[in-house]
Amino acid sequence: MLDAIWYQNSPLRWGLLPLAALFAAVSRARRATYRLGLCKAYRSSLPVVVVGNLSVGGNGKTPVVVWLVEALRAQGLRPGVVSRGYGGKASHYPLRLAADTTTAEAGDEPVLIHRRCGCPVAVSPRRADAVRLLEQSGEVDIIITDDGLQHYALARDVEIVVVDGMRRFGNGCLLPMGPLREPLARLGSVDAIICNGGEPAPGEWAMRLVPDAPRRVLDDLPAGGALGPKVDALAGIGHPPRFFATLRELGYDLVQAQGYPDHHGFDEAELTARFGERPLLMTEKDAVKCRAFARPNWWYIPVRAELPEGLLGTLMTSLKE
């Protein structure tokens, strides 16, 4: 229902105007308390780069974080990543991820980043606590926060906004009338806007998600010739049709294409009942949640962000200012 209101210009949105006005007032007041110094934001001793978005749902932040970790390493830096850990519930916070940390403890995106990059990753609902933990480790010299553009309790040196290039900002309204967490004017104060797919607007950096060869969910082994054209697919991300379109572009014939909500907690019995003998393809974000009970014919498609060379130079310049 909300997706139709937000992205199909439904007149039903006007019924949500009073709630959107209230959301706007609360959002402005909250940001003002930090801007005026009424609430104190934590200022890290290390540079902090926020990768976030204005709209709810998956816009491609995690591939950007992975790209940024790798790019900064190539510059001789030692990045660490912090996150709220949405979808996880740890026994204590802040939590430093280890090789055996589960998505139930830390959330799907932090586990994905830790496994893909091998860099220090810490999660906490209070991101400042996670930042302090990485500061004290002495292992990092720059912090990347996955999401958190609106988390003003943590001061930042560089802000990056990732935009879904296909859906853009929907009807351009604030929650719950539209998908926006902050007004579009907020884009004028960030350091870089990355457009994931679609046609970038003037001043935006174009990003392309490049799929790599399928890997088995159980053990990350490459598929080789194990997959035929007919497959099933699932996606528990912000916009599942994007993943299904990618699979079709790769030549797969999707017999089943089942979308789930973002950060969905998968149930082993439900998945094994729904998907049978055909190979099952999923995103890497889904795979980290399914690994413990995956079947031998379940596979994931890793993706990497392809971004213009000049972007890193722009970000490094912003860090030095």
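Everything numeric in this text was worked out from a predicted model, so none of it was measured.

Enquirer: Describe in detail helix α2 (residues 17-35), supporting the description with residues and values.
Expert: Helix length check: α2 (19 residues) gives 27 Å between terminal C-alpha atoms against 27 Å at 1.5 Å per residue, within 8%. Gly37 sits one or two residues past α2 and shows a positive phi near 85°.

Enquirer: Hey, could you go over the domain arrangement of the chain for me, with residue numbers and the actual values?
Expert: Split into domains, the chain comes out as domain 1 (1-208 + 307-319) and domain 2 (213-301). Its C-alpha centre places domain 1 at a distance of 26 Å from the equivalent point of domain 2. If you look at the interface, domain 1 gives 15 residues, while domain 2 gives 10 residues. Buried surface at the junction of domain 1 and domain 2, summed over both partners, amounts to about 1200 Å²; 51% is from carbon and sulfur atoms. Among the residues domain 1 hides against domain 2, the three largest losses belong to Asp108, Leu112 and Arg115. Together they make up 38% of the total.

Enquirer: So what about the environment of Leu319? Which residues, and what values?
Expert: Positionally, Leu319 belongs in helix α10 (residues 310-320). Considering only alpha carbons, one finds Leu319 and Asp191, 128 residues apart in sequence, at a separation of 9.8 Å. Ignoring any residue separated from it by four or fewer positions in sequence, one finds Leu319 in contact with Pro47, Val49, Ile142, Asp157 and Val158.

Enquirer: Explain the sheet that holds strand β13 (residues 298-301) to me, and be specific about the residues and the numbers.
Expert: Taken together, five strands build an open sheet; the order of strands is β9-β13-β12-β10-β11 and the sheet is mixed. Where the open sheet ends on each side, the last strands, each with one partner, are β9 (215-216) and β11 (253-259).

About the thresholds
Residues numbered from 1 in each chain as written. Predicted model: local features only at pLDDT ≥ 70, side-chain atom pairs only at ≥ 80, totals over all residues. Heavy atoms only, no water. Helix = DSSP H or I, 4+ residues; strand = E, 2+ residues; numbered from the N terminus. Expected span 1.5 Å × (residues − 1). Domains from an automatic or database assignment. Contact = heavy atoms within 4.5 Å. Buried area = accessible area lost by both parts, 1.4 Å probe. Pairing = 2+ DSSP bridges.

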